[in-house]
Amino acid sequence: MELLQQIINGLALGSVYALLAIGYTMVYGIIKLINFAHGDIYMIGAFAGFYASANLGLSLVPTLVVSMVASALLGVIIEKIAYKPLRNSPRIALLITAIGMSLLLEHGMRFLVGPNPKPFPDLFPVGTIDIGPLHINGKILLMLGVSALLVLLLQYIIYKTKVGKAMRAASQDMEAASLMGINVNTVISLTFAIGSALAGIAGVLVAITYPTIDPYMGMMPGLKAFVAAVLGGIGSIPGALLGGILMGSIETLTKAYISTSLSDAIAFSLLIIILLVKPTGLLGEKTNEKV
């Protein structure tokens, strides 16, 4: 029974990594940018949820909405100010800008709120839920359920709406999409907004489950989500989902049965092994470079 409980915990943590990894992979799929500030948008989302709940007294659902809107706006602003002017520059310039934006968000938030961790309000006061012989933390189930709902909603947007069709067209050939009348700039902004909104909600879900937040809380989850995106196949949304679930499950099971201090090393070692065997990731497609 303990193994089954750890698997459920791993799936819940993996679902959060998947939400973050989807943001990485959506942006990369369209403009070939690794947005290293994405983990810090997750942190900003958690702080937006903190102030919405602690200062405005909002309940769970309005807090999630506030976090989603704040994170989406921040993602669009970052794209417009930092990335759009460099869109035709060498990729290394975009990469350095993304790292600089990440540091700006971390240290800027540290300046505004201070370095000390803050206790997150208990928006979901549910204790342990008994399902037969299983004893599962209710917050873990909330994390898993909300993440699954958001992934299903994203799949609907991507494959059943005009916005999703425009995103898929731009990811395949941006110039051809533009010639067909698609406003590529709007599509890119929407991509950043959707990915950032998912990151913001992930930040609140983690803050509810592990109730403390600080300006540097996005560093390691952001890195692990990037690893998950690469593991699944960067640019593939199903790959990001699979990579996130694998990362969360491996991390949880390693902490439970091997060593807490070695969990990160083992997870990252798995990435190296996978990339040595299949450089495009588990679900990534091989591409031919034009010479």
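This one's a predicted model, so the numbers in the text were calculated from it and none came from an experiment.

1. Remarks on the overall build of the protein chain
Each helix and strand counted, the protein chain has 11 helices and 4 strands in total. Taken over the C-alpha trace, the protein chain has a radius of gyration of 19 Å; the compact-globule value for 291 residues is 19 Å, and the two agree within 12%. The buried share of the protein chain, reckoned over its 291 residues, is 49%. Taking all contacts inside the protein chain whose residues are at least 6 apart in sequence as the whole, residues at least 24 apart take part in 75%. Accessible surface, the protein chain: about 14100 Å² in total, of which carbon and sulfur atoms supply 68%. Side-chain charges of the protein chain comprise 17 positive and 13 negative groups, with the mean position of each set lying 10 Å from the other.

2. Here's the deal with the pattern of salt bridges
A full pass over the atoms with the stated rule returns 5 salt bridges. Lys-139 is the partner of Asp-122 in a salt bridge, and the nearest nitrogen-oxygen pair spans 3.4 Å. Of this pair, Asp-122 sits in the loop between β1 (118–119) and β2 (128–131) while Lys-139 sits in helix α5 (residues 138–160), and the two are 17 residues apart along the sequence. Asp-122 sits in the partly exposed class, given a relative accessible area of 49%. Glu-251 is the salt-bridge partner of Lys-255, the closest N and O atoms lying 3.1 Å from each other.

3. Notes on helix α2 (residues 38–54)
Between its first and last C-alpha, α2 extends 24 Å over 17 residues, near the 24 Å set by a 1.5 Å rise per residue. Of all 17 residues making up α2, 15 are buried, and the element is well covered by its neighbours.

4. A look at the UniProt feature "transmembrane region" (unreviewed entry) in the protein chain
Here the UniProt feature "transmembrane region" (unreviewed entry) sits at residues 6–29, 64–83, 92–113, 140–159, 180–213, 225–245 and 257–277. Taken end to end, residues 6–29 is 100% helix and 0% strand, and its two terminal C-alpha atoms sit 33 Å from one another. For residues 140–159, the helix share is 100%, the strand share is 0%, and the end-to-end C-alpha distance is 29 Å.

5. Quick look at the packing of aromatic side chains
Tallied over the entire structure, the rule returns 5 aromatic pairs. Aromatic ring contacts, followed pair by pair, group Tyr-24, Phe-36 and Phe-226 into a single cluster. Above the face of the Tyr-28 ring, Lys-32 is positioned so that its terminal group lies 5.7 Å from the ring centre.

6. Description of the layout of surface pockets
Estimates place the volume of the second largest pocket at around 450 Å³. Lining the second largest pocket we find 20 residues, and of these Leu-13, Tyr-17, Tyr-210, Glu-251 and Lys-255 sit closest to its centre. Contributing elements (two or more residues each) for the lining of the second largest pocket: α1 (2–31), α8 (184–209), α9 (219–232), α10 (237–257) and α11 (263–277). A per-element tally of the lining of the second largest pocket places α1 first, with 4 residues. Tallied by class, the residues present in the lining of the second largest pocket amount to 11 nonpolar, 4 polar and 5 charged.

7. A word on a nonpolar patch on the surface
Taken together, Met-1, Leu-3, Leu-4, Ile-7, Leu-11, Tyr-257, Ile-258 and Leu-262 make up a surface patch of nonpolar side chains, about 740 Å² in accessible area. By the secondary structure assignment, Leu-4 is in helix α1. According to the relative accessible area criterion, Leu-4 is partly exposed, its value standing at 38%.

8. Quick word on the side chain of Lys-224
By the secondary structure assignment, Lys-224 is in helix α9. Looking at Lys-224, the relative accessible area reads 6%, which means it is buried. A distance of 3.1 Å separates a polar atom in the side chain of Lys-224 from a polar atom in the side chain of Glu-251. Residues in contact with Lys-224, not counting those within four places in the same chain, are Tyr-17, Met-247, Glu-251, Asp-264 and Phe-268.

9. Here we look at the packing of helix α6 (residues 162–172) against α8
Closest axis-to-axis distance for the α6/α8 pair is 10 Å, and the angle between their directions is 110°. The angle between α6 and α8 places the two elements in the roughly perpendicular class. Contacts between α6 and α8 involve Val-163, Ala-166, Met-167 and Ala-170 from the first element and Val-187, Leu-190, Thr-191 and Ile-194 from the second. Partitioned by chemical class, the residues of the contact of α6 with α8 number 7 nonpolar, 1 polar and no charged.

So, how was this worked out
- Residues numbered from 1 in each chain as written.
- Predicted model: local features only at pLDDT ≥ 70, side-chain atom pairs only at ≥ 80, totals over all residues.
- Heavy atoms only, no water.
- Helix = DSSP H or I, 4+ residues; strand = E, 2+ residues; numbered from the N terminus.
- Rg over C-alpha atoms; globule rule 2.2 N^0.38 Å.
- Buried < 20%, exposed > 50% of the residue type's maximum accessible area, 1.4 Å probe, protein only.
- Contact = heavy atoms within 4.5 Å.
- Areas by Shrake-Rupley, 256 points an atom, 1.4 Å probe, with all protein chains shown as cover.
- Lys, Arg positive; Asp, Glu negative; His and termini not counted.
- Charge placed at Lys NZ, Arg CZ, Asp CG, Glu CD.
- Salt bridge = Lys/Arg side-chain N within 4 Å of Asp/Glu carboxyl O.
- Expected span 1.5 Å × (residues − 1).
- UniProt positions renumbered as here; feature names shortened; annotations may be inferred.
- Phe/Tyr/Trp six-rings, centres within 6.5 Å; stacked < 30°, edge-to-face > 60°.
- Lys NZ or Arg CZ within 6 Å of the ring centre and 35° of its normal.
- 1 Å grid on protein atoms, 1.4 Å probe; cavity = no way out; pocket = protein on both sides within 12 Å on 5 of 7 lines; lining within 4 Å.
- Points joined across faces, edges and corners; volume = space filled by probe spheres on them.
- Nonpolar A, V, L, I, M, F, W, Y, C, P; charged D, E, K, R; others polar.
- Patch = residues over 30% accessible without salt bridge, like charges linked within 9 Å, V, L, I, M, F, W, Y side chains within 5 Å.
- Polar contact = N/O pair within 3.5 Å; in protein donor to acceptor, adjacent residues only side chain to side chain.
- Axes fitted to C-alpha atoms, helices over the stretch in contact; angles between N-to-C directions.
- Parallel < 35°, antiparallel > 145°, perpendicular 65-115°, else oblique.

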